[in-house]
Amino acid sequence: MKTDPISLKNITINDTFWTPFMERIRLSVIPYQWEALNDRIEGAAPSYCMRNFKIAAQLTHPELDYGVDNTLGHGGCMWQDSDTAKWIEAAAYSLIRHPDPELEKTVESAIEIICNAQQPDGYLNTFYIIKGLENRFTNLQDNHELYCFGHFLEAALAWYEATGKRTLLDAMIRYTDCVDRLFGPEKNKLQGYPGHEVAEMALAWLYRVTKDEKHLRLAQYFIDQRGQPPLYFEDEAKRSGRGMAWADSYFGLQYYQAGKPVREQFVPEGHAVRATYLYSGMADIARITGEKSLLDACNSIWDNIANRQLYITGAIGQSAYGEAFTFDYDLPNDTAYAETCAAIGLAFFAKRMASLVPKGQYGDVLERALYNGIISGMSLDGKAFFYVNPLEVHPESCLKAQPYRHVKIERQKWFGCACCPPNLARILASLGSYIHTSGEKAVFTHLFISSEATINVDGRDIRLVITGKYPWESNISITFSMNEPAGFTYGFRIPGWCDNFSVKLNGNTVSFITKDGFALIDREWHNGDSLEIDFAMPVQFVSAHPRVRENSGKVAVTRGPIVYCLEQADNGDGLYRIYCGQPNDVQFRYEEDLLEGVTTISFTGKKEKDRNEDALYRNSQETVYEDKPLRWIPYYAWANRTPGEMTVWVKK
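Residues numbered from 1 in each chain as written. Predicted model: local features only at pLDDT ≥ 70, side-chain atom pairs only at ≥ 80, totals over all residues. Heavy atoms only, no water.

Overview of the overall build of the protein
Definition in use: Helix and strand definitions follow DSSP, with helices as H or I runs of at least four residues and strands as E runs of at least two, each counted in order from the N terminus. Computation of the radius of gyration draws on C-alpha atoms, with the globule rule given as 2.2 Å multiplied by the number of residues to the power 0.38. Remark: exposure states derive from per-residue accessible area (1.4 Å probe, protein chains only) relative to the maximum for the residue type, with buried under 20%, exposed over 50%, and partly exposed in between. Here, two residues are considered to be in contact whenever any of their heavy atoms come within 4.5 Å of each other. Using a 1.4 Å probe, the Shrake-Rupley method yields the accessible areas, and only the shown protein chains count as cover for residues. Asp and Glu are treated as the negative residues and Lys and Arg as the positive ones, with His and the ends of the chain left uncounted. For charged residues, the charge sits on one atom: NZ in Lys, CZ in Arg, CG in Asp, CD in Glu.
Within the protein, the secondary structure is distributed over 17 helices and 23 strands. Compactness check: the protein gives a C-alpha radius of gyration of 25 Å against a globular reference of 26 Å for 652 residues, within 12% of the reference. Scored against the burial criterion, the 652 residues of the protein give a buried share of 60%. Sequence separation of at least 24 residues holds for 71% of the intrachain contacts in the protein that already meet a minimum separation of 6. For the protein, the exposed surface amounts to about 25900 Å²; the carbon and sulfur share of it is 46%. Considering the protein, the positive charge centre built from 67 side chains and the negative charge centre built from 83 side chains are found 1 Å apart.

Structure follows, in structure tokens:
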């Protein structure tokens, strides 16, 4: 059954866990990122974003120096435009939830500058406008033109949804027309496709708004043409005389997911962010067209990610080399790349798969990523960010050993390549659209976020209110309001981590069936009906699959959807010498004054004692252990205090 997400305009989040995060986005992150886009953050890497647009719009002049580091012309990465686009998208979602005339005015001023940079034929990319339009679309493989195009198309659609204003949307439709004139199967067009995907799902969204078949055809073309022989990126490299990037790697063109047609790709390969953006676009097109072969590829890829290449935190992309997937069960902890954007891309993919077919497994992965591997990418004050989200950190290794150079022990104010911070802002600002989907006479709840939603079911508006203190507490209340009785199926996800749960309707037992990870209740619902759900939420000690070499003989500690870690601030150094043992004193408690309010877990484990000698090696003797009180905090909150060691997995 295909279902639709609920419009952000029809849902309000009032959640003890998520509302503070969303308020940080609104009050801190969005204003902070606007300052970053304008190069006004002291000590942070310059962004150049708005400076580039001003130069491209001829509000300043390329021959004059307006660079924060005395550079001329275009500044920063060639994909820098996309950071501005994601910021606009986040601001749009924030305005839906909380109208703010000053923020709206600021975004409008940015849009005016951006649109003034647009070329007569609709083209809009500051890198080539400043450096030479004659070279545009000559390096699709690496120069991110269609990536920036896709992000700006999404920003325009979000801004239109939030405000009803069409200035940016009309500009991006003109750019879409430009792209459509240049790309396609016809002999007089370029038979190329994005080097970094995102345009595919942006065009699918545009089609849903405009109903213009041209927009759908262009999205389908980018999907269908990808990886078709002769391989476009090989020909492009030959024409330009440059070498093939990644030619000597294991990836080859699969780094870009472009070495073979998408319907022949059944496992995730290459750059993890590119990959999940492509898979999200594939799922969008499969949903619109109903094409089985595309859906089969999505299902196979999903199965491999979820069951063989997914970190317990919901992170993906094991390798710093290529920011990429590697192979089944390869999940190193201390050298993990686990880019914030990759976890966000996985959430996009999960959302679209859940709309294709409501299955609990999609919500399980979405929940795992959101509560752990995504929000770990931002400090609790919203002013510092992780690009990389490891599951184990030894500070001296990060500072002195090359294989760990990508791992930071503290979040950074900004990045020269700053894709992650605005990506975080836009997904958290749009969180309401991930909670429910609805179909013909059916409503499905995927996330248990306290909220109020108005959902149209079979022509009738149903008000659905979720209350609770999830994820810290196990009780969830779901109340239905309506003007007249309505018959439909209501389904709530049974979390994959939950071994036991109870559900009552208006205080009484209620019959339900379980299917595909959902509890389904099919009945005539009345105004005031209330479900009380209690998910058993004990502390759990989780083992990885035996083929995960890095975690053999180790366990992770979880409770509900939250993955926990040990941090040096609570447990001292030498975390790699700690053992869980078989504790009988496990406790958990909510600590309001710790890390903005978290539930901690504590118990007595063991720690291998240090030696009172300097010998590096000695004949085997019995290892001596000592009792060690352990205090576990949620993984997402690590590195918000004194820098130090951290680990998720510990020896049994």
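So, next bit.
Re empty space enclosed by the protein
To keep it simple, the criterion reads: The method works on a 1 Å grid over the protein atoms by themselves. A cavity is a set of points holding a 1.4 Å probe that cannot get out, a pocket is an open set with protein on both sides within 12 Å along at least five of seven lines, and residues with an atom within 4 Å of a point line them. Grid points are joined across faces, edges and corners, and a volume is the space filled by probe spheres set on the points. Three classes are used, and their members are as follows: Ala, Val, Leu, Ile, Met, Phe, Trp, Tyr, Cys and Pro are nonpolar, Asp, Glu, Lys and Arg are charged, and the others, Gly among them, are polar.
Applying the stated criterion to the full structure yields three cavities of 30 Å³ or more. Taken as a whole, the largest cavity spans an internal volume of roughly 80 Å³. In this structure, the largest cavity is lined by L8, I11, T12, I13, M22, Y93, I96, R97, A429 and G432. Sorting the residues of the lining of the largest cavity by element identifies β2 (11–13) and α3 (81–97) as the ones contributing at least two each. Here the residues of the lining of the largest cavity are counted per class, giving seven nonpolar, two polar and one charged.

Description of the packing of aromatic side chains
Filter applied, for reference: Any two rings among Phe, Tyr and Trp, with Trp reduced to its six-membered ring, count as a pair given centres within 6.5 Å; such a pair is stacked if its planes are under 30 degrees apart, edge-to-face if over 60, and tilted if neither.
The full count for this structure, using the stated rule, is 52 aromatic pairs. When the centroid spacing of 5.4 Å and the interplanar angle of 70° are considered together, the rings of W302 and F349 count as edge-to-face. Here W302 is found in helix α12 (residues 292–308), whereas its partner F349 is found in helix α13 (residues 340–356), with 47 residues between them in sequence. F349 shares its class with W302; the two are buried. Their ring planes at 55° and their centres at 5.0 Å tell us that F448 and F535 sit as a pair that is tilted.

Here's the deal with the confidence of the model for the protein
We apply this condition: Per-residue confidence from the prediction method is given by pLDDT, with values spanning 0 to 100.
Chain-level statistics for the protein give a pLDDT mean of 95 and a share of 98% at 70 or above. Predicted confidence for residues 64–70 stays below pLDDT 50, and this span has 13 contacts to residues more than four positions away or in other chains.

Re unusual backbone geometry
Here the bond from P229 into P230 is cis, since omega is -10°, no more than 30 degrees from zero. As for its position among the elements, P230 is in the loop between α9 (213–225) and α10 (232–240). Look at the link from Y470 to P471: it is a cis peptide, with omega at 10°. Within the secondary structure, P471 sits in the loop between β7 (460–468) and β8 (475–481). Of note in this structure, Q257 is not a glycine but carries a positive phi near 55°. With respect to the element layout, Q257 can be found in the loop between α10 and α11 (272–289).

Side note on the sheet that holds strand β9 (residues 486–493)
For the record, the criterion: Between any two strands, pairing holds if DSSP finds at least two bridges.
As summarised here, the arrangement of the six strands in space is β1-β4-β5-β9-β13-β12, forming an open sheet in which the pairing is mixed. Looking at the sheet topology across the chains shown, the edges are occupied by β1 (4–5) and β12 (513–515). Relative to β9, strand β5 (residues 442–445) is paired through four bridges, and the arrangement is parallel. Bridged to A442 within β9 is T489.

A short note on the pattern of salt bridges
Applicable threshold: Salt bridges are defined by distance alone: a side-chain nitrogen of Lys or Arg within 4 Å of a carboxyl oxygen of Asp or Glu.
Across all of its chains, the model carries 36 salt bridges by this definition. With a shortest N-O distance of 3.6 Å, E550 and R549 are connected by a salt bridge. What makes R549 exposed here is its relative accessible area of 55%. When the shortest N-O distance is used, the salt bridge between R641 and E567 registers 2.9 Å. You can see R641 sitting in the loop between β21 (625–634) and β22 (646–647) and its partner E567 sitting in strand β17 (residues 562–567), a full 74 residues away along the chain.

Quick look at the environment of C115
Along the chain, the position of C115 falls in helix α4 (residues 101–116). The class for C115 is buried, based on a relative accessible area of 17%. When the C-alpha positions of C115 and Y48 are compared, they lie 17 Å apart, and in sequence the two are 67 residues distant. With sequence-adjacent residues up to four places away left out, C115 is seen in contact with T167, L168 and A171.

Re helix α2 (residues 49–56)
Among the eight residues that make up α2, seven are buried, leaving the element largely enclosed by the rest of the structure. Along α2, the positions that sit buried rather than exposed are C49, M50, R51, N52, F53, I55 and A56. Of the surrounding elements, those touching the buried residues of α2 are α1 (18–37), α3, α4, α5 (126–131) and α6 (145–163).

Side note on the packing of α3 against α4
Going by this rule: Here an angle of 0 to 180 degrees is reported between the N-to-C directions of two axes, which are lines fitted to C-alpha atoms, with helices fitted over the stretch in contact. Note on terminology: angles under 35 degrees are roughly parallel, angles over 145 are roughly antiparallel, angles of 65 to 115 are roughly perpendicular, and the others are oblique. A clockwise turn of the near helix away from the far one marks a right-handed crossing, whereas an anticlockwise turn of less than a right angle marks a left-handed crossing.
Packing of α3 against α4 leaves a shortest axis separation of 11 Å and a crossing angle of 150°. Judged on the interaxial angle alone, α4 and α3 are roughly antiparallel. When the axes of α3 and α4 are compared, the crossing they make is left-handed. Contact residues: α3 offers T84, W87, I88, A91 and L95, while α4 offers L103, E104, T106, V107, I111 and I114. Grouping the constituent residues of the contact of α3 with α4 by class yields eight nonpolar, two polar and one charged.

Quick look at the sheet that holds strand β11 (residues 508–509)
As summarised here, the arrangement of the seven strands in space is β2-β6-β7-β8-β14-β10-β11, forming an open sheet in which the pairing is antiparallel. Edge positions in the sheet fall to β2 and β11, since each of these pairs with one other strand and no more. Here β8 pairs with strand β14 (residues 530–535) via five bridges, running antiparallel. Residue pairing in the sheet places I478 in a bridge with L531 of β14.

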